[in-house]
Amino acid sequence: MAESVTPPYLWFNGRIVPWASATLHATDTIWAGISTVFEGIRAYWNPRTETMHIFRLAEHLRRLEQSIRLIRMAMPHEVMTLLEDLPMLIARNGIREDTYIRVVAFPSERRMASRADEEVINLLADTAPLPSHLHEDRARHLMISSFIRISDSIMSPLIKSTANYRNSEMGVREAQHAGYDGPIFLNRLGEVAEGAWSTFFMLRNGTLITPDLQSDVLESVTRDTMLRLADEELSLRVVERRIGRTELYLADEAFLCGTAAEVQPIGTIDRLTLGSGEIGPITRRLRSAYAQAVRGESAARPEWRVPIPQRRTS
Ligand code: PMP
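Bear in mind the structure is a predicted one, so any value in this text is a computation, not a measurement. (Residues numbered from 1 in each chain as written. Predicted model: local features only at pLDDT ≥ 70, side-chain atom pairs only at ≥ 80, totals over all residues. Heavy atoms only, no water.)

**Digging into the overall build of the protein chain**
Reasoning step 1: Along the backbone of the protein chain there are 7 helices and 16 strands.
Reasoning step 2: The C-alpha radius of gyration computed for the protein chain amounts to 20 Å, which stays within 12% of the reference 20 Å derived for 314 residues, consistent with globular compactness.
Reasoning step 3: Each principal axis of the C-alpha distribution contributes one length, and for the protein chain these read about 55 × 50 × 40 Å.
Reasoning step 4: Per-residue burial for the protein chain yields a buried fraction of 52% across its 314 residues. (Helix = DSSP H or I, 4+ residues; strand = E, 2+ residues; numbered from the N terminus. Rg over C-alpha atoms; globule rule 2.2 N^0.38 Å. Buried < 20%, exposed > 50% of the residue type's maximum accessible area, 1.4 Å probe, protein only.)

Here's what the structure looks like:
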């Protein structure tokens, strides 16, 4: 039987509480989904140094505040207290493995008011094991989705809301049904936007290119990490600009990236092979720089890693 992954504690409305005590009434969930905004954050265990870090926690919490503001939800006071409370939660749960942290903000039905400033918002954070795939030697086979990416004038892609995920999921189901690993979404202008739950990057003639922030993409934390590592660690030329559909097929290398997705090399798009069809050499170097940064194996950017306090054994 599969081992239960339920951690002993989670964080609910400002307090670390036993997992079983963080409950809502069933009716509270009925409309919560349309207003839910959230963050997915990773913490990595380093077996060599026996230390654990949360990666770019402050940036994720700032984006959560941004999502809350942009959907005009009442701002819970405790968002930034998670800077200290999430490391404590991981320590309290005794976690020593790669972990995914969800932080979710949603109004509950009973307390839902017609005026946003009267709403009382629930804020929940929980943890679950999520092994890293950064060592895998597999290039993905993607297709251009027939679904276009939601646009800024419909449901802003800059807001990380669960409702936006319906768009990604439609493309994922379509692509998998057609025998691909996943989709690439074009935006309303027919230009490249994103992968499912991930940012798109390509390499042409040694330049790293990603769609600009007007291309209907999420302001991804991993996108920022990659742009900085490419510039600072690999001295690559990096460009943020619009990318046309056909230019995709001309890429020497390409990959998707995101907090949960990490770095996913792309071998083919619409069955057209990119480069060798295997993981490209620059993608490999970038992925390795990323793997070292998240696990604290390189000196790069110590401010990106929030250490988990060691548990006292006595
Ligand atoms: N785009 C979308 C639509 C996403 O949902 C995600 C995952 N959060 C990303 C990009 C990657 O963002 P991040 O690097 O901040 O996880």
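**Things to note about the sheet that holds strand 2 (residues 15-18)**
Reasoning step 1: Here we have 7 strands laid out as an open sheet, ordered 2-1-6-5-3-4-16, and antiparallel in their pairing. The open sheet has two free edges, formed respectively by strand 2 and strand 16 (305-307), since each of these has just one partner strand. Ignoring strand direction, the axes of neighbouring strands in this sheet form an average angle of 30°.
Reasoning step 2: The sheet contacts of helix 7 (residues 281-295) involve strand 3 (37-46), strand 4 (51-55) and strand 16, and relative to strand 3 the element is tilted by about 90°. (Pairing = 2+ DSSP bridges. Axes fitted to C-alpha atoms, helices over the stretch in contact; angles between N-to-C directions. Contact = heavy atoms within 4.5 Å.)

**Side note on the pairing of strand 13 (residues 253-258)**
The two faces of a sheet get side chains in turn, since along a regular strand they alternate between them.
Reasoning step 1: With respect to burial, strand 13 is a largely interior element, 6 of its 6 residues being buried.
Reasoning step 2: Residues E253, F255 and C257 of strand 13 are buried on one face, and the alternating residues A254, L256 and G258, pointing to the opposite face, are buried as well.
Reasoning step 3: In this structure, strand 10 (residues 198-204) lies alongside strand 13, joined through 5 bridges in antiparallel fashion. Bridged to M202 within strand 13 is A254.
Reasoning step 4: Two strands pair when backbone bridges link them, and strand 13 and strand 14 (residues 262-269) are joined in this way by 4 bridges, in the antiparallel orientation. The residue bridging F255 from the neighbouring strand is P265, located in strand 14.
Reasoning step 5: Linking two consecutive strands that pair antiparallel, namely strand 13 and strand 14, is a turn of 3 residues.

**What about the domain arrangement of the protein chain?**
Interface size, as often reported, equals the accessible area lost upon joining of the parts.
Reasoning step 1: Its domain assignment divides the protein chain into domain 1 (9-131) and domain 2 (140-295).
Reasoning step 2: Each of domain 1 and domain 2 was reduced to a C-alpha centroid, and the two centroids are 26 Å apart.
Reasoning step 3: The interface of domain 1 with domain 2 comprises 24 residues on the first partner and 20 residues on the second.
Reasoning step 4: Taken over both partners, the interface formed by domain 1 and domain 2 buries close to 2,000 Å², and the fraction arising from carbon and sulfur atoms is 55%.
Reasoning step 5: Contact with domain 2 buries area across many residues of domain 1, yet F38, Y44 and R63 alone supply 31% of it, more than any other trio.
Reasoning step 6: Along the contact surface separating domain 1 from domain 2 lie 3 salt bridges.
Reasoning step 7: As a salt-bridge pair, R42 and E262 come within 3.8 Å of each other at their nearest N and O atoms.
Reasoning step 8: Elements that contribute at least two residues to the side of domain 1 that touches domain 2 include exactly helix 1 (32-35), strand 3 and helix 2 (57-70).
Reasoning step 9: Top element by residues in the side of domain 1 that touches domain 2 is strand 3. It accounts for 9 residues. (Domains from an automatic or database assignment. Buried area = accessible area lost by both parts, 1.4 Å probe. Salt bridge = Lys/Arg side-chain N within 4 Å of Asp/Glu carboxyl O.)

**A closer look at the packing of aromatic side chains**
The geometry of an aromatic ring pair is captured by two quantities: the separation of the ring centres and the angle between the planes.
Reasoning step 1: Tallied over the entire structure, the rule returns 5 aromatic pairs.
Reasoning step 2: Seen in terms of ring centroids, Y165 and W197 are 6.2 Å apart; in terms of plane orientation they differ by 20°. Their pairing is stacked. Placement of Y165 in helix 4 (residues 165-177) and of W197 in the loop between strand 9 (192-195) and strand 10 is noted, with a sequence separation of 32 residues between them.
Reasoning step 3: Note on Y165: relative accessible area 26%, which makes it partly exposed.
Reasoning step 4: What makes W197 partly exposed here is its relative accessible area of 42%.
Reasoning step 5: Both rings, one in F201 and one in F255, keep their centres 5.2 Å apart while their planes meet at 15°; by these two values the pair is stacked. Placement of F201 in strand 10 and of F255 in strand 13 is noted, with a sequence separation of 54 residues between them.
Reasoning step 6: Residue classification places F255 among the buried positions, given a relative accessible area of 0%.
Reasoning step 7: In this structure an aromatic cluster arises from ring pairing among F38, Y165 and W197.
Reasoning step 8: One cation-aromatic arrangement involves R92 over Y9; the distance from NZ or CZ to the ring centre is 4.3 Å. (Phe/Tyr/Trp six-rings, centres within 6.5 Å; stacked < 30°, edge-to-face > 60°. Lys NZ or Arg CZ within 6 Å of the ring centre and 35° of its normal.)

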